[in-house]
Structure formats: structure tokens, C-alpha cells
Amino acid sequence: MEEKTVVILGVTGSIGTQTVDVISTIGGFRIVGVSFGKNVDFANRIVSAFRIPYYHGNGTLEFGSKLGSIEELLEKTKPDIVVCAIPGIEGVKAAFESLKYTKRLALATKEALVCAGPFFKRMVREKGVELIPVDSEHSAIFQLIEESVEKIVLTASGGAIRDVPKDQIRGLGPREILRHPTWRMGHRITVDSATMVNKLFEVIEAHELFDISYSDIHVMINPSSFIHGIVYLKDGTVKIHAGLPDMRVPIAYALTYPERRYTGRIPEVRDFDMRLIDIEKDRYPIFDYGLKYVVNDLARRVALNAADEVAIEAFLAGRISFGELIDTILYVVDNVSSEIRDLDEVFYVDLIARNLAKEALARIERRVPK
Ligand code: MG
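Residues numbered from 1 in each chain as written. Predicted model: local features only at pLDDT ≥ 70, side-chain atom pairs only at ≥ 80, totals over all residues. Heavy atoms only, no water.

**Considering the pairing of strand β11 (residues 238–242)**
Logical step 1: Sheet analysis places strand β10 (residues 227–233) next to β11, joined by five bridges and oriented antiparallel. When the bridges of β11 are listed, Gly 229 appears paired with His 241.
Logical step 2: The hairpin formed by β10 and β11 contains four residues between the paired strands, and Gly 236 there has a positive phi angle of roughly 100°. (Pairing = 2+ DSSP bridges. Helix = DSSP H or I, 4+ residues; strand = E, 2+ residues; numbered from the N terminus.)

Here it is in C-alpha cells:
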């Protein structure tokens, strides 16, 4: 069997490294290019170990040829599959560029759909690219979906604050928030699990990917993350996708679809946690606000992502509390209103929202006595 060529954008992140891991165990794929940001030493080890011919990133590596941009990397390699795993607004441009040079896009950068869904989907159709979600919940729904869907359920873990008394939540710092109950992931997405901004993004992602109206997308907590997604059909059938939480499974599926070639851990009977718990709205104020005022408004979706990126940086640096993180995000989203007609306007609104977030943070920090 001929090997499929793969480019991994964001190779040193959590999804990127697990993609490398998957490819080195299942065989049949060859990594022909990678991109990375600041993590040069780690990138150097990956590129040398797998003898990856091309890269784009900071610094100069011992092996491989450096290319000047992600677009150059994609143009040079024209891979069978791109795994796009660059988080945040930075990943949006990369996801769009990927569509020009590949046949299959394994998409982990959910911001492409959150911040630019309509434009992104149009280009996917125009270029005839196969778009496969890497997000575990969306991989689950992708595997379950068929005609005659009544509604879907995305599951959430509830993040690190799920069992914290409500009056203590606002005072929490990075150490507490980074303790995710079930998934091992990057820092930003772990904070996003605690605010449930991540789940809000995932509701939007599901709406865009599967063309399901928001009123038919429900979110419930499954404490163990054993259930990844549920599809209710009109005849009353309920299809449940479950398995032990391991991102390598949806990554492998996005690479090998429609085949399954990954060997994962098989659940024991005791792993079958089918509990579904309603979301406590006052525990996750951004999620509650977002379902009402953000999901249908593209400018606010962009603003939510921008404010979230800026505020999380301040939170992880210990400059603001968890409560102030929530306040900052809500303030920005509430104060952005604009019509977005193309991708350039996405980046313009992103910039406005970032500036608003920085102003809000400066006001908070001035109040705090040194
Ligand atoms: Mg997810």
C-alpha cells in the first residue's frame, strides 16, 4: 500500500505530538512537513527523529529544509492530508491555506468554524476538500450521523470547577483550573473547559459541520467523558458513541477514515459511565450567555475567541483571577457589534476585540494593590 503524505501544522502542541505518536504506531503515513511556533528544541527532536524533509517555524533545525511560511510549506509538499492543530485565530489562516493544497483536512483548529464558519465551508465546497473533525465530540457525531436526525447531544466534563462550591469559583487560580478531571490537553483548552468556552465553541462547530440548528444541539455533563456524543433519530433510536478518553483515537480516525487501524485501550465494564447531568447555568456564565447571544452572531463569535485568548494569557500569568477572566470575556463580547462580510473583516473584528480585552485587563490590574 502506498504511503499517504501528511503535513502537521502545530506539531509541538498536544494534538500535534499525539498525531506524530499515532502515525509512528499505525504505519501507512509519512510526515512530509511540519510547522511550529516557539517550541524550537522540541520541534528539532521531532523533525530529526522522523526525518521530516520540510518545516516552517522559528529558529533553524539540524535536519530538514526551512520554508518561509505555512503556505510555502503546503505548496512545496502538497500533502494527501493536512492535520491543522494551530490553536486560536492564528490557526484560522492556516486552515484556509490548507484547503488550497490538500485533499483531506483533519481539523483540530475549531476556530476556523467558530470565527469564519460560513466562509470556511464555502471554500471547503469550492475546493472539494474532505473535512474530517479531530475534536473528539465531533468525531463521534461524524461517525453517528445519518438522515432523519431529531437532535444531538455533545457531552462535557464540566472541567476543573465542576465540583467546586460556587462561592469559591471566582477566586481560583491557574493551578486549580489546570487540573482537568478527564482529558489531558493543552493549557488554553483546559481553561476553556472550566469556563465551558470550549463547549460553546463546540456547539458552534457542530452547527457548522453538520448543519444542525442550535435548538437541536444539546450539551450535558458526562463526568467521566466516556460518552463522546449522542444522536437521536426521529424513530426514537438513540445512537451513543463512547470510549475511554484518548485524543489519539479521533486523530487516527481522521487519518484512516473510512478505515479504522488504530489499536486503543478496550473499556472494562466499570468504565461504562452513562450518567448525563444538566449544566448548572450559574456555574458557567459565559456558556449561558453565549448560547443566547453569541452563537448566532459571527462578530461576537470572533470577539469571544479574541477576548478568551487575551484574558487566558493574563490568567495563566497570574495577573487576574478566574472571576476576572470571566468578567473580561463577557465585557468584550457584550461590547462588540459588527457585520462580517468576508475573512478580512474577521481579522479586523479580532483586532478590535483584542484591544477591548487589553483595556479591560488594564482597568482590572490598576485596581489591584501591588
Ligand atoms: Mg472536544
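**Concerning the side chain of Asp 246**
Logical step 1: Here Asp 246 is to be found in the loop between β11 and α11 (248–256).
Logical step 2: For Asp 246, the contacting residues outside a window of four places in its chain are Gln 18, Trp 183 and Tyr 262. (Contact = heavy atoms within 4.5 Å.)

**Concerning a nonpolar patch on the surface**
Logical step 1: Together, Val 238, Ile 240, Phe 272 and Met 274 line one region of the surface with nonpolar side chains, adding up to about 360 Å² of accessible area.
Logical step 2: Tracing the sequence through the fold places Phe 272 in the loop between α11 and α12 (285–293).
Logical step 3: Look at Phe 272 and you get partly exposed, because its relative accessible area is 48%. (Patch = residues over 30% accessible without salt bridge, like charges linked within 9 Å, V, L, I, M, F, W, Y side chains within 5 Å. Areas by Shrake-Rupley, 256 points an atom, 1.4 Å probe, with all protein chains shown as cover. Salt bridge = Lys/Arg side-chain N within 4 Å of Asp/Glu carboxyl O. Buried < 20%, exposed > 50% of the residue type's maximum accessible area, 1.4 Å probe, protein only.)

**Topic: the domain arrangement of the protein**
Logical step 1: Taken domain by domain, the protein comprises domain 1 (4–134), domain 2 (136–244 + 273–285) and domain 3 (297–370).
Logical step 2: Measuring from the centre of the C-alpha atoms in domain 2 to the corresponding centre in domain 3 gives 23 Å.
Logical step 3: Counting the surface lost from both domain 2 and domain 3, the interface buries some 1600 Å², and carbon and sulfur atoms represent 71% of this.
Logical step 4: Inspection of the domain 2/domain 3 interface yields three salt bridges.
Logical step 5: Close ionic contact of Arg 188 with Asp 308 constitutes a salt bridge, the shortest N to O distance being 2.9 Å.
Logical step 6: Here domain 2 is connected to domain 3 by eight residue pairs in polar contact (both at pLDDT 80 or more).
Logical step 7: Listing elements by their share of the side of domain 2 that touches domain 3, those giving two or more residues are α8 (174–177), α9 (187–195) and α10 (197–210). (Domains from an automatic or database assignment. Buried area = accessible area lost by both parts, 1.4 Å probe. Polar contact = N/O pair within 3.5 Å; in protein donor to acceptor, adjacent residues only side chain to side chain.)

**Thoughts on α9**
Logical step 1: Summarising burial for α9: seven of the nine residues are buried, a large majority.
Logical step 2: Of the positions making up α9, those classed as buried are Arg 188, Thr 190, Val 191, Asp 192, Ser 193, Ala 194 and Thr 195.
Logical step 3: In the core, the buried residues of α9 are packed alongside α5 (111–127), α8, α10, α12, α13 (298–316) and α14 (322–335).
Logical step 4: Once α9 finishes, Met 196 follows within two positions and takes phi at roughly 65°, a positive value.

**Concerning the nonpolar core**
Logical step 1: Counting residues in each nonpolar core, the largest one holds 93 residues, and the members touching the most others are Phe 120 and Phe 322.
Logical step 2: Take this core: its biggest share by element is 12 residues, from α13.
Logical step 3: Of all hydrophobic cores here, the second largest spans 31 residues; its members include Val 11, Phe 29, Ala 85 and Val 134. (Core = buried A, V, L, I, M, F, W, Y, C linked by side-chain atoms within 4.5 Å.)

**Focus on the coordination of the magnesium ion**
Logical step 1: Distances from the magnesium ion to its protein donors, Asp 135 (OD), Glu 137 (OE) and Glu 202 (OE), fall at 2.1 Å.
Logical step 2: Sequence positions of the residues that donate to the magnesium ion give the spacing D-x1-E-x64-E. A residue pair is termed long-range when its members are at least 10 positions apart, and Asp 135 in the loop between β7 (130–133) and α6 (136–144) and Glu 202 in helix α10 qualify at 67 residues. Like Asp 135, the residue Glu 202 is buried in the burial classification. (Donors = N, O, S within 2.8 Å, 3.2 Å for Na, K, Ca; no water.)

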